[in-house]
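Residues per chain, in single letters:
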Amino acid sequence: MTLALGCIADDYTGASDLANTLTRAGLRTVQTIGVPADDLALPEVDAVVVSLKSRSIEAGLAVSRSRAAEAWLRGRGASRVLFKICSTFDSTDAGNIGPVMDALRADSGEGTVLVTPAFPETGRTVYQGNLFVGAVPLNESPLKDHPLNPMHDSSLVRVLARQSKTQIGLVDLATVTRGADAVRARLAELAGKGIGAAIIDAVFDRDLETIGLVAAEHRLSVGASGIGLGLARALVSTGKVKSAAGSSETGAAVGGPAACLAGSCSQATLQQIASAEKVMPVLHLDPDRILTGAGEAQRALDWAKPRLAEGPVLIASSSTPDQVAALQARHGRDAAGHAIEQAMADIAEGLVKSGVRRLVIAGGETSGAVVDRLRIPGFLVGVEIAAGVPVLRAVGIEGDMLLALKSGNFGGPEFFSDALGLMR
Ligand SMILES: Nc1ncnc2c1ncn2[C@@H]1O[C@H](COP(=O)(O)OP(=O)(O)O)[C@@H](O)[C@H]1O
Ligand SMILES: O=C(O)[C@H](O)C(=O)COP(=O)(O)O
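Treat the numbers as computed from the prediction; the structure is a model and nothing was measured.

**Observations regarding the domain arrangement of the protein**
Next up, step 1: If you check the domain split of the protein, you get domain 1 (5-237) and domain 2 (258-422).
Next up, step 2: Computed from C-alpha coordinates alone, the two centres of domain 1 and domain 2 are separated by 26 Å.
Next up, step 3: On the domain 2 side, the residues contacting the 32 residues of domain 1 number 35 residues.
Next up, step 4: In total, domain 1 and domain 2 occlude about 2600 Å² of area from one another, counting both sides; carbon and sulfur atoms represent 60% of this.
Next up, step 5: As a salt-bridge pair, K53 and E365 come within 2.8 Å of each other at their nearest N and O atoms.
Next up, step 6: On inspection of domain 1 and its partner domain 2, the count reaches eleven residue pairs in polar contact (both at pLDDT 80 or more).
Next up, step 7: Elements that contribute at least two residues to the side of domain 1 that touches domain 2 include exactly α1 (12-24) and β2 (29-33).
Next up, step 8: Sort the elements by how many residues they give to the side of domain 1 that touches domain 2 and α1 lands first, with nine residues.
Next up, step 9: Taken together, the residues that form the side of domain 1 that touches domain 2 break down as twelve nonpolar, twelve polar and eight charged.

Here's what the structure looks like:
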């Protein structure tokens, strides 16, 4: 296997989002969970997206796991590596985007690393280094209330500078619109000043295509699915990869009971849960009971089992920002997050033991906890359910399973029904 592109994603929904984008852009892609075991049978692909649950862990651990993933990718011929982060730059001043980028930059000998979370298809744009979510700056968007990584500064130059050891520059939109050579010249200017990374503006897909042509010449880039799109289009347009567009996995139907789990507290997910309540049974977990060990996961399984034969169910821990803040005040942010993730994993494990083979999960950290508990080593990419969210077919397990790992902010109001309709 000689990879045209190696990717390291800091959460599982983001990995799935990127794998979807690369597949739709014509790259044969597989998503792995962590660095694959040598005996995991992988198809011949152009790109591998290694999923890590590293976005919100201790920075040193995020660095070591990311470096191990990079070594595995480079060992399989990846001369280009994309460190995939959230399109809303989910992170804190401790990291982990800066520390991981610094380490991967040192390993790769990269001069100035191109960084952009722009993903216009989902309303993420970057202008003068500032990230916009739809029409509002990041710090005025619902991401200001994220349970783990609340974002309070839309200037990514400032945000990354607080996390990284290198200086952070800017490649502005005016430069990008002048084309790849202008971007190359600007990067050379920054590298000459010893600036190790640059936020690069992007508002439209054509900006990503320009960026992708330059990023394809670099050993390391950092960004979300948008730069992945640019890289994929550049690899195809320059003949480095023969397009396999339309090659997404469409294997046999799996059938059987189906269930949805929502751990995301995003505005989008709360709306999707409300829509789902009109068409399927929904159980709202009591987060305090989870934190006090009151058997909430078992209660959820006892509720779900008799209903699964009738149709899909949805089990949600999701709360409003005020409720999240109150719970965190009572129990601690990290303790609350971890306990609820693990409860979701307990529930998922019980549902699979009850015969569930089609699982929709809302939330990146939630997806990580569930997929790790189910010991799924990798996924093939299926049809797209919504921008950034594909159907995934598990590989390396006994039997068949279909999953959808929904980024908290992605998908329309009817996402859960839409997903189940495509996961047969
Ligand atoms: N009711 C709740 N109160 C506090 N934290 C919660 C609640 N429900 C879920 N969480 C936690 O919030 C975090 C959600 O993160 P994640 O699953 O990545 O969602 P998103 O994709 O929206 O970022 C997880 O750590 C989860 O355990
Ligand atoms: O928004 C993105 O780029 C990715 O889909 C992502 O990283 C989502 O992470 P989340 O934790 O599911 O919001």
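**A few points about the nonpolar core**
Next up, step 1: Formed by 114 residues in total, the largest nonpolar core has its most connected members in F89, I347, L351, L359 and L403.
Next up, step 2: Sort the elements by how many residues they give to this core and helix α13 (residues 333-353) lands first, with eight residues.
Next up, step 3: Discounting residues that sit within four places of it in the chain, L351 has contacts with A259, L261, L301, A304, L308, V356 and L359.
Next up, step 4: V282, I385, F415 and M423 belong to the second largest nonpolar core, which has 24 residues in total.

**Quick word on the UniProt feature "domain: Four-carbon acid sugar kinase N-terminal" (unreviewed entry) in the protein**
Next up, step 1: Feature annotation in UniProt places "domain: Four-carbon acid sugar kinase N-terminal" (unreviewed entry) on residues 5-229, given in this structure's numbering.
Next up, step 2: Structurally, residues 5-229 comprises 37% helix and 20% strand, and the distance from its first C-alpha atom to its last is 12 Å.

**Quick notes on the site of ligand 1**
Next up, step 1: In the vicinity of ligand 1, 19 residues are found, and the nearest of them are H146, S264, E341, E365 and T366.
Next up, step 2: In this structure, E341 approaches ligand 1 through a side-chain N or O atom, which is 2.6 Å from an oxygen atom.
Next up, step 3: A distance of 3.0 Å separates an oxygen atom of ligand 1 from a polar atom in the backbone of G364.
Next up, step 4: In the complex, 96% of the free accessible area of ligand 1, which totals 570 Å², lies under the protein chains.
Next up, step 5: Listed by contribution, the elements that provide at least two residues to the shell around ligand 1 are α12 (321-331), α13 and α14 (364-373).
Next up, step 6: In the shell around ligand 1, the residues fall into seven nonpolar, ten polar and two charged.
Next up, step 7: Per-domain counts for the shell around ligand 1 show at least three residues from each of domain 1 (5-237) and domain 2 (258-422).

Calculation notes
- Residues numbered from 1 in each chain as written.
- Chains lettered and ligands numbered in written order.
- Predicted model: local features only at pLDDT ≥ 70, side-chain atom pairs only at ≥ 80, totals over all residues.
- Heavy atoms only, no water.
- Domains from an automatic or database assignment.
- Contact = heavy atoms within 4.5 Å.
- Buried area = accessible area lost by both parts, 1.4 Å probe.
- Salt bridge = Lys/Arg side-chain N within 4 Å of Asp/Glu carboxyl O.
- Polar contact = N/O pair within 3.5 Å; in protein donor to acceptor, adjacent residues only side chain to side chain.
- Helix = DSSP H or I, 4+ residues; strand = E, 2+ residues; numbered from the N terminus.
- Nonpolar A, V, L, I, M, F, W, Y, C, P; charged D, E, K, R; others polar.
- Core = buried A, V, L, I, M, F, W, Y, C linked by side-chain atoms within 4.5 Å.
- Buried < 20%, exposed > 50% of the residue type's maximum accessible area, 1.4 Å probe, protein only.
- UniProt positions renumbered as here; feature names shortened; annotations may be inferred.
- Near = heavy atom within 4 Å.
- Areas by Shrake-Rupley, 256 points an atom, 1.4 Å probe, with all protein chains shown as cover.

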